[in-house]
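A look at the structure
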Amino acid sequence: MSANILAHSRADERRSQADETDVILTGDRPTGSLHLGHYAGSLRSRLALQGRCAQTLLIADLQALTDSSGRAAQVARHVPEVALDYLAVGIDPARTTIAVQSRLSALAELTVLYLNLVTVARLERNPTVKAEVELRGFERDIPAGFLCYPVSQAADITGFRATVVPVGDDQLPMIEQTNEIVRQVNRLAKASVLPECRALLSSTPRLPGVDGRKASKSLGNAIPLSATPDEIHRLVRAMYTDPGHVRASDPGRVEGNVVFAYLDAFDPDPTAVNELKERYRGGGLGDVALKRRLEGVLEALVAPIRARRAELARDRAYVMDVLRAGNERANATAESVLRDVRGAFALDA
Ligand code: TRP
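Residues numbered from 1 in each chain as written. Predicted model: local features only at pLDDT ≥ 70, side-chain atom pairs only at ≥ 80, totals over all residues. Heavy atoms only, no water.

1. With respect to the overall build of the chain
If you tally the helices and strands in the chain, you get 15 helices and five strands. The C-alpha radius of gyration computed for the chain amounts to 22 Å, which stays within 12% of the reference 20 Å derived for 349 residues, consistent with globular compactness. Expressed along its principal axes, the backbone C-alpha trace of the chain runs to roughly 75 × 45 × 40 Å. Of all 349 residues assigned to the chain, the portion counted as buried reaches 50%. Taking all contacts inside the chain whose residues are at least 6 apart in sequence as the whole, residues at least 24 apart take part in 78%. (Helix = DSSP H or I, 4+ residues; strand = E, 2+ residues; numbered from the N terminus. Rg over C-alpha atoms; globule rule 2.2 N^0.38 Å. Buried < 20%, exposed > 50% of the residue type's maximum accessible area, 1.4 Å probe, protein only. Contact = heavy atoms within 4.5 Å.)

In structure tokens:
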């Protein structure tokens with residue numbers, strides 16, 4: 001496993017970007033609105049890739065149900081919300097396809113076929129699944145759909161013949177498992193019907209929540225993409241800094257300091273941030289002044305997103321049209337992949 005992760009990251013260094021022949025696919029579970037962690041980690045690179053390569057963003061509502069079936073209505077409600085977030089940050093539906101997983105029945109059929117190529121033991125060994133099972137406290141009550149979601153994700157990726165998947169490093173095992181399935185399908189078909197894919201890792205480290213823990217909607221420690229000025233103020237004020245940095249004149253720690261993590265991710269002037277780090281380390285820079293700078297940086301980033309989101313939210317029919325057109329385009333691709341994979345299983349009569 002670790003050897004494969006290394007192989008992936010070395011390949012990423014060589015070709016840290018995608019080229020025009022690449023096909024890009026990423027997905028988000030619609031369990032809440034997107035936040036600044038999503039922006040730093042993936043939305044920014046999706047914006048950069050837009051127009052350069054074929055790109056699809058999949059709103060993975062079926063995957064969200066694998067651990068949230070009791071919250072189905074909430075998942076359904078968040079589908080258009082995630083689409084609004086995409087559009088608000090500047091995803092252009094004329095250049096990037098936005099599609100909804102549950103509307104692409106070919107993906108479900110691909111999943112059923114791929115399930116024959118994967119053992120339960122292999123799924124239980126998937127490090128991402130393992131970590132999530134622990135996090136959710138499933139123990140022996142793992143929903144079968146949850147255990148199998150890497151297979152459904154392989155269907156998402158191959159259903160678009162994707163070659164590049166921009167994800168966080170927690171998703172590397174998913175890419176690896178997808179490529180195992182790809183090789184098996186190609187072996188069955190005795191032809192290269194599916195391309196292998198590689199991860200495109202974000203160069204920004206994962207952005208923590210304001211309390212320094214993993215950013216999550218349920219912990220209320222993430223800054224929403226369209227936070228109000230008040231929310232920004234409140235969340236920046238609450239940010240974890242260095243508990244040993246009591247007076248402005250005390251030397252402070254930069255590592256593990258959430259304010260610096262956000263400045264590193266979003267401040268347009270990295271030279272100035274480095275100077276602030278020096279002053280903070282040496283003593284003489286207070287948390288209040290530092291947080292005031294971050295508030296300004298975040299408000300400048302968020303204000304146009306918030307305005308555009310509010311404008312789009314008044315035009316639900318437009319958002320629905322975008323999804324309908326995206327689903328139609330995505331369906332055509334996924335159906336053609338399904339034809340090939342059915343052929344590999346001798347189901348092409
Ligand atoms: N598993 C991803 C996450 O939790 C979401 C996702 C679903 C995805 N399908 C995908 C990511 C396909 C990349 C490709 O964030």
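On we go from here.
2. A few points about helix H12 (residues 258-266)
In an α-helix, one full turn covers 3.6 residues, which means residues spaced three or four apart are oriented alike. Burial analysis of H12 places seven of its nine residues in the buried class, which makes it a mostly covered element. Of all the residues in H12, the buried ones are Val258, Val259, Phe260, Tyr262, Leu263, Ala265 and Phe266. Packed against the buried residues of H12 are helix H2 (36-49), helix H13 (270-282) and helix H14 (287-313). A distance of 3.1 Å separates the backbone nitrogen of Val259 from a side-chain oxygen at the start of H12, and that oxygen is part of Asn257. (Polar contact = N/O pair within 3.5 Å; in protein donor to acceptor, adjacent residues only side chain to side chain.)

3. Quick word on the site of the ligand
The immediate surroundings of the ligand are formed by Leu25, Thr26, Gly27, Arg29, Ala60, Gln63, Gln153, Asp156, Ile157, Val165, Val167 and Gln171. Between an oxygen atom of the ligand and a side-chain N or O atom of Arg29, the distance comes to 3.3 Å. At 3.1 Å, a side-chain N or O of Gln171 approaches a nitrogen atom of the ligand. About the coverage of the ligand: the protein hides 87% of its 360 Å² of free accessible area. Going through the elements one at a time, strand S1 (23-28), helix H9 (149-158) and strand S4 (164-167) are the ones with two or more residues in the shell around the ligand. Grouping the constituent residues of the shell around the ligand by class yields five nonpolar, five polar and two charged. (Near = heavy atom within 4 Å. Areas by Shrake-Rupley, 256 points an atom, 1.4 Å probe, with all protein chains shown as cover. Nonpolar A, V, L, I, M, F, W, Y, C, P; charged D, E, K, R; others polar.)

4. A short note on the domain arrangement of the chain
When its domains are assigned, the chain resolves into domain 1 (3-207 + 315-344) and domain 2 (229-312). Once you take the C-alpha centre of each, domain 1 and domain 2 turn out to be 32 Å apart. Facing 17 residues of domain 1, the contacting portion of domain 2 comprises 12 residues. Summed over both sides, the interface between domain 1 and domain 2 buries roughly 1,200 Å², with carbon and sulfur atoms accounting for 67% of that surface. It is Leu36, Ala88 and Leu207 in domain 1 that bury the most area against domain 2; as a group they hold 43% of the surface buried on that side. (Domains from an automatic or database assignment. Buried area = accessible area lost by both parts, 1.4 Å probe.)

5. With respect to the pairing of S1
As judged from the six bridges shared by S1 and strand S2 (residues 54-59), these two strands associate in the parallel manner. Bridge pairing in S2 links Thr26 to Leu57. Crossover connection from S1 via H2 to parallel S2: handedness right-handed. (Pairing = 2+ DSSP bridges. Right-handed = clockwise from strand over helix to strand, strands pointing away.)

6. Quick look at the nonpolar core
Ranked by size, the top nonpolar core spans 50 residues in total, and within it Leu36, Tyr86, Ile223, Met239, Tyr262, Phe266 and Leu298 carry the most contacts. Taken domain by domain, the makeup of this core includes at least three residues from each of domain 1 (3-207 + 315-344) and domain 2 (229-312). Non-local contacts of Leu298, meaning those with residues more than four positions away in its chain, are made with Leu36, Ile223, Ile232, Val236, Tyr262 and Phe266. Listed in part, the 43 residues of the second largest apolar core include Ala99, Leu147, Ala155 and Ala199. (Core = buried A, V, L, I, M, F, W, Y, C linked by side-chain atoms within 4.5 Å.)

7. Description of unusual backbone geometry
For Lys190, which is not a glycine, the phi torsion comes out positive at approximately 55°. Secondary-structure assignment places Lys190 in the loop between helix H10 (172-189) and strand S5 (198-201).

8. Here's the deal with the packing of aromatic side chains
Inspection of every chain in the model, using the stated rule, returns four aromatic pairs. With a centroid separation of 5.4 Å and 55° between ring planes, the pair formed by Phe146 and Tyr149 is classed as tilted. By the burial criterion, Phe146 is buried, and Tyr149 matches it. Cluster of aromatic residues (ring-pair linked, three or more members): Tyr39, Tyr262 and Phe266. The cationic tip of Arg29 hangs over the ring face of Tyr149; the distance from NZ or CZ to the ring centre is 4.8 Å. (Phe/Tyr/Trp six-rings, centres within 6.5 Å; stacked < 30°, edge-to-face > 60°. Lys NZ or Arg CZ within 6 Å of the ring centre and 35° of its normal.)

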